[in-house]
Amino acid sequence: MKNIWIGFISVVTLSFIVLVWVGTEIYQTQPPMPDEVVVKETGDIIYTKEDIQTGQNVWESIGGMEVGSIWGHGSYVAPDWSADWIHREAINMLEYWSKRDYNKGYDQLNEELQATLKARLIKNVRTNTYDEQSKKITISSDRYLAIQQNIDYYTDVFSEGHEEYAIPRGALTDATKLSQLNAFLFWTSWAASTNRVGEDFTYTSNWPHEPLINNTITVDSQIWSGFSVVLLLLFIALLAYYYLRNHEKGEVHKNPKEDPLTGLIVTKSQQSILKYYLVISLLIGLQIILGIVTVHYSVEGQAFFGFELSQYLPYSITRTWHTQLAVFWIAATWLATGLFLAPIISGKEMKYQKFGINFLFGALLVIVLGSMLGEWLGVHQFLGLTANFFFGHQGYEYVDLGRFWQIFLGIGLILWVLMVGRHIVYAIKKKDSSKHLLIILLVSVIAIGMFFFSGLMYGENSSLPVINYWRWWLVHLWVEGFFEVFATVVIAYLFLKMKIVSANTAGKTAIASATIFLAGGIIGTLHHLYFSGTPVQAIALGATFSALEVVPLTLMGFEVRENWNLLKNENWIQKYKWPIFFFIAVAFWNMLGAGVFGFLINPPIALYYIQGLNTTSVHAHTALFGVYGMLGMGFILICLRLYSNRIWNDEIKLKRAFWLLNVGLIAMVVFSLLPVGLIQAYTSIKEGYFYARSPELLYSDTVQVLKWLRIIGDVIFSIGIYFFCWFVVKETLYCIKQKRAV
C-alpha cells in the first residue's frame, strides 16, 4: 500500500508543478492588450486599452459565451465572433482593393489577380505591428476601412437583432457599449490573425482555419496530434496487459448470504437530506424544459413555435440556465450523497449535523434562484458592468453565475467539507482495515472544496487567456477531476459496506484508479487551451496527457461486466438492482461519451477544425449527462434504497426511466448532433471555420432536417426524465412519512 500512496502523491505533485508552470507561461506570453490602436497613415486612435477591457465586460454582460463563442469556446447558434470578424474583415479588404485597383468585385478577378490581392492581405493582416515600447498596434488605413464596415455590421446585429443567431432586437442599444464591444471583438480577431513576434503562427496557433489569410494548422499541432495517438495506443496496450495479468490474482472474497446493510440505523441528519431529492427532481425537470427551448432556438431563432419568447427569455438566458442547472443538480446530488453517507462512515450522528444540512439546503435555494435572477437582469442590461460581474452574468460557460453567488457557493462547500470531513477523520482514527480507502475519500472531499476556489483566481478585468486557464481549472479539475475521484471512492465504499469487496481491495483499487486518472487528468486540463492565446507548451502537454485520460476509460467494458455479474451473485443484491444499473450506464457512457467522443475532439489536429461545432455538443451531452448525470441519479437511488424499508414494487418506473434515458441520449446523438457535427467538420476542413458556423450551412435544408430529427431523441429522453423524477418524488415522500430517524 505504501508504494501505491507514493505513486499517487508523486503523480499529483508533479502534475500540478507542470500545470502551474504552463500557467506562468500563459501569463507571460499572452496576446498583448495595447494602450492604443492607431491608423498608420493618420495617427488616428481607433481604440484604447480601456475600450477593449470594457468591451470584454460588455460582452460578458450580454451573455458572453452563451451568445456565440470566442476562440471556439461558447455556444453554437451564433457565430464564433473572432472567426466571423476575421473573415468579414478579409472579404471587406479584398473587395475594396479589387474595386479600387481593377474596377471589379474580387470574385470576378482571375486566379492570378486574386492570388496577388490575397498575398497583400496576408502581409497586411499577419504582420505583427505591436510596438513593445509605445504599446501601440498600428494598422493601415485600408484595414481601418474594413474594420469600420465590421463595426457597422456588428452594431446592427446586436442592436437590431439577428434571427438566425438567436439574438433578439435590443440585445444591446447603448452606443458607447456597442463601440466598446466592437473594440473587444477586434482585439480577439487581431490576436487570432497576427503572428507572434518571431514566429510564423498567430497568438492562437493559427486558429481559426481561414484560408484567406493563410491560417492553417501548425506543424506543432500535427506532430503532437500524431504523438498523442501513438501514446494512447501504447498505454492502452500496457494497461490492458496489466489488467488481464493481475485482475484474477486478487484476494479471494466470498459474498455474504444476507444484506449487511439490513437494519441500518438512520439518523435525523440523513432524514433531513430527503428534501434535497425533491428540489433536485424539480431542477432536473426545469433543466430539461429549458433544454427543449434552447435547442428550438436553433431552428426558430426568435420564437418558440410562433410565440415571441426571445424578448422575455432569449437564447442566452435559456442556455445559461440549462447548463448551469445541470451543474447545480448534479453537484447537489453528489454533495447530498456525501452528507448521507457521513454518519454511516463514522458510525455516529455528530453535533449540529442536521442544522448544517438545513443551512446548506437554504443556501442552495438562494444561490440557484439568486444567480438565475441576476443573470436575467444582467443580460437585459438592468445592471452596471461591475454589478453584473458580481451579481449578474460573468459570461463564461459553466461559470456564468455572478462572483457574489460564486463566493457564497464556495462558503457552502467549505461547510460541506467540514461536515463530511469530520466524520471521515473520526472513522480514520479507528485505524480499521478501511483506513486507506477513507484517507483517499478525505483527500477527494477536501479537493472538491479547495479547487472550487480556482474560479475566483481571475478578476473583472483579467485577460481572456488567463480567465480561460482558471475557468478550466474549475470545470475540468473540479468537476471532471476530483468529483470523479470522489465518485470512484464512494462507490468502492458502498461495495465495501455491502461486503462485496474487501477493504484491502477497495483501498488499493480506489487509490490506483485515482492515480491513473489524475496522471492524465491534471495536465490534460490543457487540452481545452490549445488555441486560447496560449503558448505551444499547452498544445504539446495537453495533447500528450489528454490522450492518457482516455486510457483507463477503454477498460470500462470490464467494469460493466463486473457490475453486471454482481447482480448474479446473491439474491439480496437484487435489492440494489437499479442503482447498479445506473452505475453500469455510467461505465458505458464513460467509455463512449468521455472516451470515444472525448478523444474525437481531443487531438489538436481534430480540435483545430471542430472546436465549437456540434461534435463538441456530442461530447458535452454524453459525458456530462451520460457520466455525471447518470452517476448522480445512481447516488439518489442508492441513498433512497438505504433509507426506504419497503420493497420497490414501483420498479416499472425505474425500468422505463433507465432505458428511455439511455435510448433517448443515443437517439439524440445518432439522429442529430453527430451528423450535424460531421457536416460542419467537413465544411470547416474544406472551406474554413467561418463557413462551418455560418447560417448558410446551419439553416440549409439538410442540416435543418437533422435538427428537427433531434425531437425523436429529445422526446424519448424527456419521458425518461419524467418517470425518474416521478419515482424519486414518490419514494422520497414515502421516506419522509416513514420517519425512521433516531
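Residues numbered from 1 in each chain as written. Predicted model: local features only at pLDDT ≥ 70, side-chain atom pairs only at ≥ 80, totals over all residues. Heavy atoms only, no water.

Undergrad: Describe the overall build of the protein chain, naming the residues involved and giving the relevant values.
TA: Looking only at helices and strands, the protein chain has 25 helices and eight strands in total. For 742 residues, the compact-globule formula gives about 27 Å, and the C-alpha radius of gyration of the protein chain, at 27 Å, lands near that figure. Considering only C-alpha atoms, the protein chain reaches an extent of 90 × 55 × 45 Å along its principal axes. Restricting to contacts in the protein chain with at least 6 residues of sequence separation, those with at least 24 account for 78%. Accessible surface for the protein chain amounts to roughly 28,300 Å². Of this, 64% is attributable to carbon and sulfur atoms. When the 54 basic and 55 acidic side-chain charges of the protein chain are each reduced to a single mean position, those positions are 17 Å apart. (Helix = DSSP H or I, 4+ residues; strand = E, 2+ residues; numbered from the N terminus. Rg over C-alpha atoms; globule rule 2.2 N^0.38 Å. Contact = heavy atoms within 4.5 Å. Areas by Shrake-Rupley, 256 points an atom, 1.4 Å probe, with all protein chains shown as cover. Lys, Arg positive; Asp, Glu negative; His and termini not counted. Charge placed at Lys NZ, Arg CZ, Asp CG, Glu CD.)

Undergrad: I'd like a description of the pattern of salt bridges, backed by residues and values.
TA: Under the defined criterion, the tally for this structure stands at 13 salt bridges. For the salt bridge of glutamate 36 with lysine 136, the shortest nitrogen-to-oxygen distance reads 3.6 Å. Taken together, the positions of glutamate 36 in strand β1 (residues 36-39) and lysine 136 in strand β6 (residues 136-139) put the pair 100 residues apart, joining distant regions of the chain. Judged by relative accessible area, lysine 136 falls into the partly exposed class, the value being 31%. The residue arginine 88 makes a salt bridge to aspartate 84 at a minimum N-O spacing of 2.8 Å. (Salt bridge = Lys/Arg side-chain N within 4 Å of Asp/Glu carboxyl O. Buried < 20%, exposed > 50% of the residue type's maximum accessible area, 1.4 Å probe, protein only.)

Undergrad: Outline the pairing of strand β7 (residues 393-396), supporting the account with residue identities and numerical values.
TA: In the sheet, β7 pairs with strand β8 (residues 399-401) via two bridges, with the strands oriented antiparallel. Counted as the bridge partner of tyrosine 396 is valine 399 from β8. Between β7 and β8, which pair antiparallel in sequence order, lie two residues; one of them, tyrosine 398, sits at a positive phi of approximately 75°. (Pairing = 2+ DSSP bridges.)

Undergrad: Go over the environment of leucine 286, please, and point to the residues and values.
TA: Its location among the elements puts leucine 286 in helix α9 (residues 274-296). Distance in space between the C-alpha atoms of leucine 286 and alanine 326 is 9.7 Å, their sequence separation being 40 residues.

Undergrad: Go over helix α19 (residues 577-600), please, and point to the residues and values.
TA: With 24 residues, α19 ought to run about 34 Å at 1.5 Å a step, and its terminal C-alpha atoms sit 33 Å apart, in line with that. The principal kink in α19, of about 35°, is found at tryptophan 589. Of all 24 residues in α19, 18 are buried, a share of seventy percent or more. (Expected span 1.5 Å × (residues − 1). Bend = angle between axes of the 7 residues up to and from the residue.)

Undergrad: Give a detailed account of the pairing of strand β2 (residues 45-48), specifying residues and quantitative values.
TA: Bridging between β1 and β2 involves three bridges; their strand directions are antiparallel. Within β2, the residue paired with glutamate 36 across the bridge is threonine 48.

Undergrad: Help me get a handle on the packing of aromatic side chains, residues and values and all.
TA: Taken as a whole and assessed by the stated rule, the structure comprises 58 aromatic pairs. Taking 6.4 Å as the distance between ring centres and 65° as the angle between the ring planes, the aromatic pair formed by tryptophan 85 and phenylalanine 186 counts as edge-to-face. One end of the pair, tryptophan 85, is in helix α3 (residues 81-102); the other, phenylalanine 186, is in helix α6 (residues 175-193), and 101 residues separate them in sequence. As far as the burial class goes, tryptophan 85 and phenylalanine 186 line up, both buried. Considering the side-chain rings of tyrosine 396 and tyrosine 458, the 6.2 Å spacing of their centres and the 75° angle between planes classify their relative orientation as edge-to-face. With a gap of 62 residues between them, tyrosine 396 in strand β7 and tyrosine 458 in the loop between α14 (435-451) and α15 (464-497) connect regions that are remote in the sequence. For the pair tyrosine 396 and tyrosine 458, a shared accessibility class is recorded, and that class is buried. Among the aromatic residues, those joined into a ring-pair cluster are Tyr47, Trp81, Trp85, Tyr153, Tyr154, Phe158, Tyr165 and Phe186. The ring of phenylalanine 581 has lysine 577 sitting right over it, with the charged end atom 5.6 Å from the ring centre. Here the guanidinium or amino end of lysine 653 rests over the ring plane of tryptophan 726, the centre of that ring lying 4.2 Å away. (Phe/Tyr/Trp six-rings, centres within 6.5 Å; stacked < 30°, edge-to-face > 60°. Lys NZ or Arg CZ within 6 Å of the ring centre and 35° of its normal.)

Undergrad: Explain helix α2 (residues 49-61) to me, using residue names and the numbers behind them.
TA: With 13 residues, α2 extends 19 Å between its outermost C-alpha atoms, agreeing within 8% with the 18 Å of an ideal straight helix rising 1.5 Å per residue. Of all the residues in α2, the buried ones are Ile52, Thr54, Gly55, Gln56, Asn57, Val58, Trp59, Glu60 and Ser61.

Undergrad: Could you give an account of the nonpolar core, naming the residues involved and the relevant values?
TA: Ranked by internal contacts, the top residues of the largest apolar core, which has 221 residues, are Trp81, Phe158, Tyr276, Tyr277, Trp416 and Phe724. Tallying contributions element by element places α15 first for this core, with 25 residues. Beyond its immediate sequence surroundings of up to four residues, tyrosine 277 is in contact with Ala336, Ile636, Cys639, Leu640, Val728 and Thr732. Core analysis: the next-biggest nonpolar cluster, separate from the first, contains eight residues, Leu232, Leu239, Ala547 and Phe599 among them. (Core = buried A, V, L, I, M, F, W, Y, C linked by side-chain atoms within 4.5 Å.)

Undergrad: Break down a nonpolar patch on the surface for me, citing the residues and quoting the values.
TA: On the surface, Ile666, Val670, Phe671, Val705, Leu709 and Ile712 cluster together into a nonpolar patch covering about 470 Å² of accessible area. Within the residue set of the nonpolar patch, elements represented by two or more residues are α22 (651-686) and α25 (701-738). Structurally, the position occupied by valine 705 is in helix α25. (Patch = residues over 30% accessible without salt bridge, like charges linked within 9 Å, V, L, I, M, F, W, Y side chains within 5 Å.)

Undergrad: Residue-level account of a negative patch on the surface, with values.
TA: On the surface, Glu163, Glu164, Glu308 and Glu696 cluster together to form a negatively charged patch. The partly exposed category is assigned to glutamate 164, whose relative accessible area is 32%.

Undergrad: Quick one: what's the story with unusual backbone geometry, residue by residue and with numbers?
TA: Residue proline 208 is bonded to the preceding tryptophan 207 through a cis peptide linkage, with omega at 5°. Its place among the elements puts proline 208 in the loop between α6 and α7 (219-246). Unlike most non-glycine residues, asparagine 103 shows phi in positive territory, near 60°. Mapped onto the fold, asparagine 103 is located in the loop between α3 and α4 (111-126). Its relative accessible area of 69% is what places asparagine 103 among the exposed residues. Non-glycine residue glutamine 381 carries a positive phi angle of around 65°. With respect to the helices and strands, glutamine 381 occurs in the loop between α11 (353-379) and α12 (385-391).

Keep in mind that these numbers describe shape and distance, not what the molecule does.
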